[in-house]
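Inside the fold
One letter stands for each residue in the lines below.
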Amino acid sequence: MNEFGFSRRSLLGLTLGGVLAPAVGLAEQEGAPTPDALKYLDAARRLTVQAYVNGHGPLDFLVDTGANSSVITQEMADQLGLPRGAASRLHSIAGTQSVATARVASLAVGKRVRRDMVVSVLPRELLRMDGVLGLEWLERASLLLDFKQRRMTVGEGLPVPDYKTVIVKSKLLRSGLTLIDAFMPLQRLVAFVDSGSTTTVGNLAMLRAASQNDALLGPMVATELRSVTGQVLAGRGAVLSRLTLGKMTLRNISLVFGPIHTFDYWGFREQPAIVIGTDILQRFDSVSMDFKRNEVRFRVPG
């Protein structure tokens, strides 16, 4: 075990799936830098990269592996004169909300370009960045979030796994949802890997199981979660004694429990489930997703 509270144990069979994407074109963005530099947008250490919308940029876009659609700010959509589409329902941790949409001719980061996309539109005061890259932009391309070197690569060769790399086998679910099976004491979990969430959160079914299995350390405290749409959800902060991913166990994990709409939307109201946010992901040197090999790789520091 090291200072991050990692330890290794026997393989426990985990799964992960990509998100189904619409049929959109792939092309080259001339003159754009690659690999793409990651930077931290704010004190919450949300990851952003430089993106180009219809050739305009660079713009700060959040990298969100938990979002199945991309988003742009209302102000940027107005500035670029993007044609608006029909309203759609946006699902967040706190519920659903009707949002405007816009059509983007091209959305590029580095060499990767998606064309003819429909994106959601939200006010900048809620996003606090220019936009969000969702999984329909990534499609099934490989993704490397290298926290140590502060870079992101999409659709390129991933580093060869070494002895510090924990490999979690994955699969693509018919729903298109990105999932990981995880474990806490005496209980298997369904997990979302979400680079857009600053906080790791669990549903009420997980809270019940954790309480029954004495998996929580110390008392719970009242807290709040705020969604990207500005909705506020009451929750309870707690510390989980152990969270196991593949051959690796993380200890003393801070998280928030609550009636998270995201789990209900995907049909996991009754199954213990957890969203793994950047507060956990950034403990690693890097996190990569290889959808061709059906793997998610966590490189342990030290």
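Refer to the preceding data block for the structure.
Residues numbered from 1 in each chain as written. Predicted model: local features only at pLDDT ≥ 70, side-chain atom pairs only at ≥ 80, totals over all residues. Heavy atoms only, no water.

**Some points on the pairing of strand E12 (residues 143-146)**
Strand residues, when the strand is regular, have side chains that alternate between the two faces of the sheet. Here E12 shows two buried faces, one formed by Leu143 and Leu145 and the other by Leu144 and Asp146. Looking at chain direction, E12 and strand E13 (residues 151-154) are connected through 4 bridges and run antiparallel. In the strand pairing of E13, Leu145 is matched with Met152. Between E12 and E13, which pair antiparallel one after the other, the connecting turn spans 4 residues, and Arg150 there sits at a positive phi close to 55 degrees. As judged from the 4 bridges shared by E12 and strand E22 (residues 286-290), these two strands associate in the antiparallel manner. Its bridge partner lying in E22, Leu144 is registered against Ser288. (Buried < 20%, exposed > 50% of the residue type's maximum accessible area, 1.4 Å probe, protein only. Helix = DSSP H or I, 4+ residues; strand = E, 2+ residues; numbered from the N terminus. Pairing = 2+ DSSP bridges.)

**A few points about the packing of aromatic side chains**
Per the stated rule, a full pass over the model turns up 4 aromatic pairs. Ring plane angle 75 degrees and centroid distance 5.0 Å describe the contact between Tyr265 and Trp266, whose orientation is recorded as edge-to-face. For Tyr265, a relative accessible area of 40% corresponds to the partly exposed category. Where Phe284 meets Phe298, the ring centres are 5.1 Å apart and the plane angle is 50 degrees; that geometry is what we call tilted. On the criterion of sequence distance, the pair formed by Phe284 in the loop between helix H6 (278-281) and E22 and Phe298 in strand E23 (residues 295-299) is long-range, its members being 14 residues apart. You'll find Phe284 and Phe298 in the same group, each marked buried. Put simply, the rings of Phe192, Phe263 and Phe268 touch in pairs and so form one group of aromatic residues. (Phe/Tyr/Trp six-rings, centres within 6.5 Å; stacked < 30°, edge-to-face > 60°.)

**Considering the environment of Gln271**
Relative to the elements of secondary structure, Gln271 occurs in the loop between helix H5 (261-265) and strand E21 (273-276). Taking the C-alpha atoms as reference points, Gln271 and Ala205, separated by 66 residues in sequence, lie 5.9 Å from one another. The contact partners of Gln271, leaving out residues within four places of it in the chain, are Val190, Asn203 and Ala205. (Contact = heavy atoms within 4.5 Å.)

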